[in-house]
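The chain contents come next:
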Amino acid sequence: MRSRGFSRRDIHRMARSAGSRTTTRRPDVEMTTLEAVPETLQNQLEDLLEGEEEIKVAISTDLRFDGTYGKDWVLATDKRLLAFNQNGAPTPDIQNIALETIDRIEIRELHGNNFMKVRTAEGAFEVARYSKRFVPKFAEAAPEIELLIDKVKPEEVDTSKRPRRYVDPRRKKVRCESCGRPIPRWSDVCPNCVEKGKLIFRLLKYAIPFWKVSVPALLIMLVIRLVDLYPPILSKSLIDDILVPATMAITGGQSVDPGAFGQLVMIVLMMVGAHVFTAVFSAVRGYMMTWVGQRITLTLRNDAFRHMSILSLDFYQQRDTGNLMSRITQDVGRLRDFIAEGLQDIIGDSMALVYMCIIMFVINWQLALWVLLPIPLIILFSFYFGHKMHKVFHILWKRYAGISTILASTIPGIRVVKAFTREKYEVDRFQEQTHMVFEGEMNAAKLWTLYQPIMTFMTYIGTVLIWFVGGNQILNGDLTLGEITLFMTYMTRFLQPVRTLAQMNRRFLRAATSAERVFEVLDTPPSVASRGDAIELPNMRGQVEFRDVFFSYDSEKNALNGISFTVNPGEMIGLVGHSGAGKSTLINLVTRFYDPNDGEILIDGHDSRDIALSSLRGQIGVVLQDPFLFEGSVADNIGYGKPGATRQEIIAAAKAANAHDFIVKFPDAYDTMVGERGVRVSGGERQRISIARAILKNPRILILDEATSSVDTETESRIQEALGRLIQGRTVFAIAHRLSTLKHSNRLVVLKEGEIDEIGTHEELIAKGGTYANLCEKQTELSKIRAW
Amino acid sequence: MEQPIQIEDEVQFLDPQRLKINRNQFAELEAELPDGSVHAPVEPIRAFPLTQPNQYITLLDAQKNELGVIEDIKLLKKADRSILAEELKKCYFMPKITKIHNVAGQFGVTEWEAETEVGSVSFDLRSRNDITALDGGRVLIRDIDGNRYEIVNYHRLDPKSVALLETQI
C-alpha cells in the first residue's frame, strides 16, 4: 500500500502553496485524487478531524446538488468520509460518515452528470454531483476510498458486489497531456503541440532524395521570373530610345535616325526571344516538378499503406474507413501539391516581388513608393474577403453534403421507400435541400460578383495614382514616357504574387493538417506486434490456456473479466452466451487481434505475446459469420491464405468444403470474378468458399464464429458436413447461437458478462440444470414451434 | 375472425391519479403504483428527451424493468409532479446557454467559454459534428467529455454570440 496523504498540520502549508502555484490552463482537469484543500474548508476540518487523522483523498466537484456550476468537496481520511456541499448557505452542509459503516462507493451515471453515492447497510446517500469531465477522477477515487474502508472494517469485506474497475492505459486520449487542449476526433496528436515548422521540415525530407531534380527546377524558375521582367524593360527602351526621339524628330520636321529601324527589329527579336525562353523552360520545369511530385506521392502513399497494414485492429476500430482512405488519397495529394508546387511558388513569387521592387526603386524611388501604396489595402481586402468567402462556402459545402446524405440513404433504401409509399416525402425533402443549395450558390455568387469589380477598382486606383504622380513627374522632366509604361506593366504584375502570398498562411495550415493526418498513421506504433526476440512455433500442437485474462475495449466496461481455462490439442470448444458476453472477444485474443490487458494466454505453454505473429496467425484459420470475399476470382479467394497453392489443391479444398458443385455452375467456374464488382454470391456460398479457404490453409487452431447462422436449414446441413471434415484433428473454438451447431463439441464454455458461467460437456451441463440447460430447453421449444 | 391488435394498447400508461411519487429517506425516487406496490429507487427515462421532455416518461425499477409509462407529467398530482420534474432535471443535465463569450480554435476543434442559466462554463469540442443545428434555431452541443448543452434559439442570442456560433455551424 502506498503511503501518501497529509495530516492536519500540512493543510495550511498546502493551501498556501496551492495559491502560489503557477496555474496551467486548466488545473482542475489534472487527474489527482489528492487536491489541495482551500482555506475556507480548513477551519471546519480542524474541528472535524482528530489529532493525527490524515486526509488520503480530496476531490472537488464542478457541480452543486442544486444543478448549478460550483465546487463542492469530498474528502476521505482513514476514519471517515466527509462531503461538503455549498447549498447557497454561507457554511456548507457537511456529511460526516464513518468509514466502518460504508459498504461500497457507487457511481450513478446520468445524462450530462454523475453522482457519487455511499452505500451503507441502510441505504445509499448522494455525496457529490459532477459533470462528465470529472468521470475519470471520481472513477479513480472510488476504489481508493474503498481501500480505506476495507482497512477499518473489522470483518472480512464482501467485495463481490463492487464492480471491478479497470483503467485501460491505452484509452484514447481526448485531451493533450501537455497543454490540456482538445485533441481532434480524427487524430491522436495535439495540433497545438505539434510544431508546424518541424512538420514542414519533415515533409521536406521526402523531397530531399529528389534534390537533383527539384533544385535545378527551382533555379530554372528563378531565372524564368527574372527573364519575365525583361520585356517591359525592353518596351521602355523602345519607347525612350527609339519611338519618342523619332516622334520628336518628325514633329520637329527632321528625318528619323536611319539606324532606328535596325534597333526596332533588334528589340522586337529580343522580346520574342525572352518569351520563347520562358515558354520552353516553364514547360521543362513543369515536367520536372510533376515528376518530383509524383515520386513523393508514390513514396508517401506506399509508406502510409504499408504501415497501416501492420497496425492493430484497435487503430481501425477508432476511425472510420472513409477517414482512413482519405488520408491515403486526398491528404497525400495535398502534401504533394504543397511540397512540389506550394513551396516553390512561395519562393518564386517572393523573388519576383523583390526583383520588381529593385528595378522600380532604381528607376524612380518616389514613384515606386506610390505604386506600393495600394498594396496593403489589397492584402487587407483579400484577407477580409477570404474570411467571408470561407464562411459562405462552408455553409454551401454543408448543404451539398446534405444532398449526398439524402441520396446515400434513399438509393440503397429504395425498397423501403417504395414499400411504404414515401416517394413524395423523399422528393420533397430533396427539393428542399436543392433549393437551399440554390440559395447558398446565389449567396456565394453575390460575394464573388462583388469581389471582382472591387479588386479591379483597387487596382485602378493604383493605375490612376501612377498616371497622376508619374504624369506630373513627366511634366517636370523627372520621368520618361518609357518609364511610366514600365511602372504600369509592373503594377499589374504585382497583384498576382501578392495575392498568392496573402493566401500562403492558409495553404501552409492546410498542408500542416494533412501532414499531421498522414504522419499520425506513420507514427502510430502497432499495439499488437511481435517482440524482437519472438519465437517461431513451426509445429504447433494447439494447446491453448487462458490464465486470468482481462480485456476491455474502451476501459469503461470489461469485455472479459478474469477468464481461466485450458483447451487440449484437438479439442473442440463450443462458446455459448448472450451477445456481448465476450465470445468474440475471447476469439480476438486467441488470434491476437488484441492483447489482454491483464493475465496471459499460453499456446503450447508459451505466452502468445512471445510467439512471432506470422508464426501464430499462420496456423490459425478463421471462418466468420459474414465472410469477406476480395475482389478477384473464386480461385484467388480460396487460395488467399496459401500463396502458390496448386489448382489441384484449390479444387480439393472446394470439394472438402462442399463448394465445388456450385462453383462449377458459375459462368466462369473457378475463374468467376467475385467481390464488389463480381457476380452475386449468396451467403451460404460465400460461407463455403471461406471454409475452403480455411481448409486449404490447414491450420492447427480453427475458429468458427457463427459460421452457420445466416443460412437456411438445407445449406446449413451442407456446411455442417463440410465443417465436420474441417475440424478433424484441430483445436477448434466455435461460437454459435444455434446450439445444434455445437453438437461435435468436446466441451462447452458458457460465458456471462465476461466471466465463465459454466464449463463442461453437454451432458454434464444438462445434468447441472444451469444456464446452458435452460438455453437448450428454450431452443428445443423453439424448434418444436418451427416444426409445427 | 380475430381483429388485428390495437397498437395503442401496447403502452402501459400509469393512471396519474392513482400513482404516488415520493422520495424515500435516502432521497431516492419512490413510486407507489396503482396496484399498491412500492418501488425504490425508481429511474425515470424520457422517451423523447429532445423533442417531448415532459411526455412519455418511462419508470424503471432497480432491475431496469419497466413499471409503466407516464403520458404527461402535467396530468400528475401537483406534489408528484414537482418531485418527478426535479428528478428529471437531475437525470438530464443539459444547461441552456444564454451567451457565448469566446470560441477559440480551428477546424472545429474548439474551446468555448459560455454563460448558462446555471453559471458560466468552459468546455471543449473535438469536431464540428459535436454541434447539431436543428430547426427553429435550436442548437445542441455535446462536448469532449459527454456533457451536453442546449441553445433554445440562437437567433435570440446577442449579436456577438450569434457571430461566434455561426462560424461553427
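Everything numeric here is computed off the predicted structure, so don't read it as measured data. (Residues numbered from 1 in each chain as written. Chains lettered and ligands numbered in written order. Predicted model: local features only at pLDDT ≥ 70, side-chain atom pairs only at ≥ 80, totals over all residues.)

Enquirer: Let's hear about the overall build of chain A: which residues, and what values?
Expert: When helices and strands are counted, chain A shows 24 helices and 20 strands. In chain A, once contacts between residues fewer than 6 apart in sequence are set aside, the share between residues at least 24 apart is 70%. (Helix = DSSP H or I, 4+ residues; strand = E, 2+ residues; numbered from the N terminus. Contact = placed C-beta atoms within 7 Å.)

Enquirer: Give me the overall build of chain B: which residues, what numbers.
Expert: The helix and strand tally for chain B stands at two helices and twelve strands. Going from N to C terminus, chain B has its helices and strands arranged as β-β-β-β-β-β-α-β-β-β-β-β-β-α. Across the 169 residues of chain B, 25% fall into the buried class. (Buried ≥ 20, exposed ≤ 12 C-beta atoms within 10 Å, placed from the backbone.)

Enquirer: Just give me the short version of the pairing of strand S5 (residues 93-98) of chain A, but keep the residues and values in it.
Expert: Within a regular beta strand, the side chains point alternately toward one face of the sheet and then the other, so they alternate between its two faces. All names here are of chain A. The buried fraction of S5 is low, at zero of six residues. As defined by bridge partners, strand S4 (residues 80-85) adjoins S5 across six bridges and the pair is classed as antiparallel. Bridging across to S5, Arg 80 finds its partner in Ala 98. (Pairing = 2+ DSSP bridges.)

Enquirer: How would you sum up the interface of chain B and chain A? Please name residues and give values.
Expert: Opposite the 26 residues of chain B that make contact, chain A presents 26 residues. Going through the elements one at a time, helix H1 (78-91), strand S8 (109-116) and strand S9 (119-125) of chain B are the ones with two or more residues in the side of chain B that touches chain A. Looking at the side of chain B that touches chain A element by element, the count peaks at five residues for S9 of chain B.

Enquirer: Mind laying out helix H3 (residues 135-152) of chain A, listing which residues take part and the relevant values?
Expert: Residue and element names in this part refer to chain A. Taking 1.5 Å per residue, 18 residues should reach 26 Å; H3 reaches 27 Å between its end C-alpha atoms and fits that length. Burial in H3 covers these residues: Lys 137, Phe 138, Ala 141, Ala 142, Ile 145, Glu 146, Leu 148 and Ile 149. Buried residues along H3 cover an arc of 160° about the axis, so they all sit on one side. In H3, the exposed positions angled more than 90 degrees off the buried face are occupied by Asp 150 and Lys 151. (Expected span 1.5 Å × (residues − 1). Arc of directions from axis to C-beta.)

Enquirer: Please provide a residue-by-residue account of the confidence of the model for chain B, values included.
Expert: With 98% of its residues at a pLDDT of 70 or more, chain B has an overall mean of 88. The complex prediction reports pTM at 0.65, with the ipTM value standing at 0.91. (pLDDT = per-residue confidence, 0-100.)

Enquirer: Quick rundown of the packing of helix H9 (residues 321-363) of chain A against helix H14 (residues 481-502) of chain A? Include the residues and the values.
Expert: A pair of packed helices can be characterised by two numbers: the angle between their axes and the separation between those axes. Residues and elements named next belong to chain A. Here H9 crosses H14 at 155°, and the two axes come no closer than 10 Å. Regarding the angle of H9 to H14, the classification is roughly antiparallel. For H9 against H14, the interelement crossing comes out left-handed. On the side of H9, the interface is formed by Asp 345, Asp 349, Ser 350, Ala 352, Leu 353, Met 356, Met 360 and Ile 363, while H14 contributes Glu 483, Leu 486, Phe 487, Tyr 490, Arg 493, Phe 494, Pro 497, Thr 500 and Leu 501. Looking at the contact of H9 with H14 residue by residue, the class counts come to eleven nonpolar, two polar and four charged. (Axes fitted to C-alpha atoms, helices over the stretch in contact; angles between N-to-C directions. Parallel < 35°, antiparallel > 145°, perpendicular 65-115°, else oblique. Left-handed = near helix turned anticlockwise from the far one by under 90°. Nonpolar A, V, L, I, M, F, W, Y, C, P; charged D, E, K, R; others polar.)

Enquirer: Describe in detail the sheet that holds strand S12 (residues 598-603) of chain A, supporting the description with residues and values.
Expert: Residue and element names in this part refer to chain A. Ordered by their spatial adjacency, four strands build an open sheet running S10-S9-S12-S13, and the pairing between neighbours is antiparallel. Only two strands of the sheet have a single neighbouring strand rather than two, namely strand S10 (560-567) and strand S13 (606-607). Pairing between strand S9 (residues 544-551) and S12: five bridges, direction antiparallel. Paired with Phe 546 across the bridge in S12 is Ile 601. Relative to S9, helix H16 (residues 583-590) is tilted by about 115°, and along the sheet it contacts S9, S10 and S12.

Enquirer: Which residues make up the sheet that holds strand S4 (residues 43-46) of chain B, and what are the values?
Expert: Residue and element names in this part refer to chain B. Taken in spatial order, the three strands of this open sheet run S4-S5-S6, and their pairing is antiparallel. Where the open sheet ends on each side, the last strands, each with one partner, are S4 and strand S6 (66-72). Each strand of the sheet is rotated relative to its neighbour by a mean of 25°, with strand direction disregarded. Of the pairings in the sheet, the one linking strand S5 (residues 55-60) to S6 comprises five bridges and is antiparallel in character. Residue Leu 60 lies in a different strand from S6, and its bridge partner there is Glu 66.

Enquirer: So what about the environment of Gly 402 of chain A? Which residues, and what values?
Expert: All names here are of chain A. Here Gly 402 lies in helix H11 (residues 374-410). The exposure class assigned to Gly 402 is partly exposed, which follows from the 17 C-beta atoms found within 10 Å. Taking C-alpha positions, Gly 402 is 9.1 Å from Val 437, a pair spaced 35 residues apart along the chain.

Enquirer: How would you explain unusual backbone geometry if you had to name every residue and give the values?
Expert: Cis geometry is found at the peptide bond from Ala 40 of chain B to Pro 41 of chain B, where omega equals -10°. Unlike most non-glycine residues, Asp 604 of chain A shows phi in positive territory, near 50°. Following the sequence through the fold, Asp 604 of chain A ends up in the loop between S12 and S13. Although it is not a glycine, Glu 753 of chain A sits at a positive phi angle of roughly 50°.

Enquirer: Would you mind going over the packing of H9 of chain A against helix H10 (residues 365-372) of chain A in detail, with residue names and values included?
Expert: All names here are of chain A. For the pair H9 and H10, interaxial distance at closest approach is 6 Å and the crossing angle is 140°. With respect to each other, H9 and H10 are oriented oblique. Contact residues: H9 offers Cys 357, Met 360 and Phe 361, while H10 offers Trp 365, Ala 368 and Val 371. Counted by class, the contact of H9 with H10 contains six nonpolar, no polar and no charged residues.

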